[in-house]
Each structure stands twice: as structure tokens, then as C-alpha cells.
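Understanding the architecture of this molecule
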Amino acid sequence: NSTRLADAITARLLAQNPASRVVIRDLAADPHPVLDEAALGALFTPAEQRTPEQAARVALDDALIAQLQSVDVIVLGVPMYNFGVPVQLKTWIDAIARAGVTFRYTANGPEGLVKGKKVYVALARGGLYRDTPADSQTPYLKSVLAFLGMTDVEFIFAEGLAMGAESAERAFAEAEARIAEVVVA
């Protein structure tokens, strides 16, 4: 369901700017490796001292960072799993959040280095969580994206998807109307 919304956002962006280059990364179909002890070891080993396996692991994260830095617009399709974001999205965030590359610490606190990006976040949820204490996704995503420097973020919600066909139809209609309102290339 979040894919449906993300696809609608992408289609609207392309309709407004047909010459755009679109890169789609389906994290569910092609998940990124988790940030585990071996990956951390590779990241904290100086490049010239890395084993071939460590260099290959760091290169996977480097590719995601390069892709992120090369785009102007990011579209995230985010279903709610057990009140949180899917592990695949968390793994992507872990891969792109790198000190000295996508953020840095300064005397005034952290500074995000991924600036000038427009982010659309399409949230699909079975229940009704928006603006309630049970919505942990929105504050988390706002925080982590801002930490990385992405502050131009638009959230689009489709909620009540598991509350019957009528509720789901209404949720998608409202989300699609919101997409038409806020998605501009």
C-alpha cells in the first residue's frame, strides 16, 4: 500500500517533468545488509587497511550515499510495522548516516550535510495513528531526516487501511488528493 502511494508521487513528479531521471530502489525486494559488528569494523578501519571483504561492504554503503547525494527528490514508501518503520528502511538509514559524509558534529551541535533535497514520505497504516502517541514513525523520520540535513519533508498518510473496504477507499482517496495538492516538480 505504501508502494501504491510512492508510485503515485513518482508518477506525478514525472508528469510534471518528463525529462527527470528516476531511480527506484525497492528495499523490500533488494534489502541492504544490516549494520552489524563486521560492517562497523569495516567503517572504522582506515580505507588503506581494509580487507577486500571490508572494502566491499563499505562500497555498498558508499553507493547508497552517492545515490542519495545525486538526487533532488526522495520518495519513501513507508508501511507501519509494529508501530515502527520496516527494518529495510532502518537499514537504509543506517547505511546513509555517516559521520563526516552525510552529517558532522560541530561546536554548535550536529549539522546535516544532505541539503537541498525535497522528501516525500508516503505512510500506509492499517489503523489510525496520525497525531497520536502511537505514531512513532513521523517523529522518528522527521528527526533522522533533519539530522542528515533534509528538512523539506512532506508526509502523506493513508490510514485505516485494515478497517474495512470503505475506510481503505477513503484513505487512498484522501492520500491521492493530498499528493495532487503537494507534489510539485
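Before reading further, recall that the structure is shown in the block above.
To keep things clear, this report deals only with the structure shown in the data block. (Residues numbered from 1 in each chain as written. Predicted model: local features only at pLDDT ≥ 70, side-chain atom pairs only at ≥ 80, totals over all residues. Heavy atoms only, no water.)

Turning to the overall build of the protein, a few remarks are in order. A tally of regular secondary structure across the protein gives six helices and five strands. Sequence-ordered secondary structure for the protein, helices as α and strands as β, is α-α-α-β-α-β-β-β-α-β-α. A globule of 185 residues ought to have a C-alpha radius of gyration of about 16 Å, and the protein, at 18 Å, matches this closely. Projected onto its principal axes, the C-alpha coordinates of the protein cover approximately 60 × 40 × 35 Å. The buried share of the protein, reckoned over its 185 residues, is 40%. Within the protein, counting contacts between residues at least 6 apart in sequence, those at least 24 apart form 74% of the total. Accessible area of the protein: about 10200 Å², with a carbon and sulfur share of 55%. If the 17 positive side-chain charges of the protein are averaged to one point and the 22 negative ones to another, these points end up 5 Å apart. (Helix = DSSP H or I, 4+ residues; strand = E, 2+ residues; numbered from the N terminus. Rg over C-alpha atoms; globule rule 2.2 N^0.38 Å. Buried < 20%, exposed > 50% of the residue type's maximum accessible area, 1.4 Å probe, protein only. Contact = heavy atoms within 4.5 Å. Areas by Shrake-Rupley, 256 points an atom, 1.4 Å probe, with all protein chains shown as cover. Lys, Arg positive; Asp, Glu negative; His and termini not counted. Charge placed at Lys NZ, Arg CZ, Asp CG, Glu CD.)

A few words now on the packing of aromatic side chains. Under the criterion given, the structure shown has five aromatic pairs. Aromatic side chains Phe 155 and Phe 157 sit 6.4 Å apart centroid to centroid with 25° between the ring planes, which places their arrangement in the stacked category. Each member of the pair Phe 155 and Phe 157 is classed as buried. Between the NZ or CZ atom of Arg 4 and the centre of the ring of Phe 172, over which it lies, the distance is 3.8 Å. (Phe/Tyr/Trp six-rings, centres within 6.5 Å; stacked < 30°, edge-to-face > 60°. Lys NZ or Arg CZ within 6 Å of the ring centre and 35° of its normal.)

What follows concerns the environment of Thr 51. Secondary-structure assignment places Thr 51 in the loop between α2 (37-43) and α3 (52-70). Given the relative accessible area of 34%, Thr 51 is considered partly exposed. Taking the C-alpha atoms as reference, Thr 51 lies 34 Å from Val 22; in sequence the two are 29 residues apart.

Before going further, it helps to spend a moment on the layout of surface pockets. The volume enclosed by the largest pocket comes to roughly 1200 Å³. Residue assignment for the lining of the largest pocket shows that the elements contributing at least two residues are α1 (2-16), α3, β1 (73-79) and α4 (87-96). Classifying every residue of the lining of the largest pocket gives 22 nonpolar, nine polar and five charged. (1 Å grid on protein atoms, 1.4 Å probe; cavity = no way out; pocket = protein on both sides within 12 Å on 5 of 7 lines; lining within 4 Å. Points joined across faces, edges and corners; volume = space filled by probe spheres on them. Nonpolar A, V, L, I, M, F, W, Y, C, P; charged D, E, K, R; others polar.)

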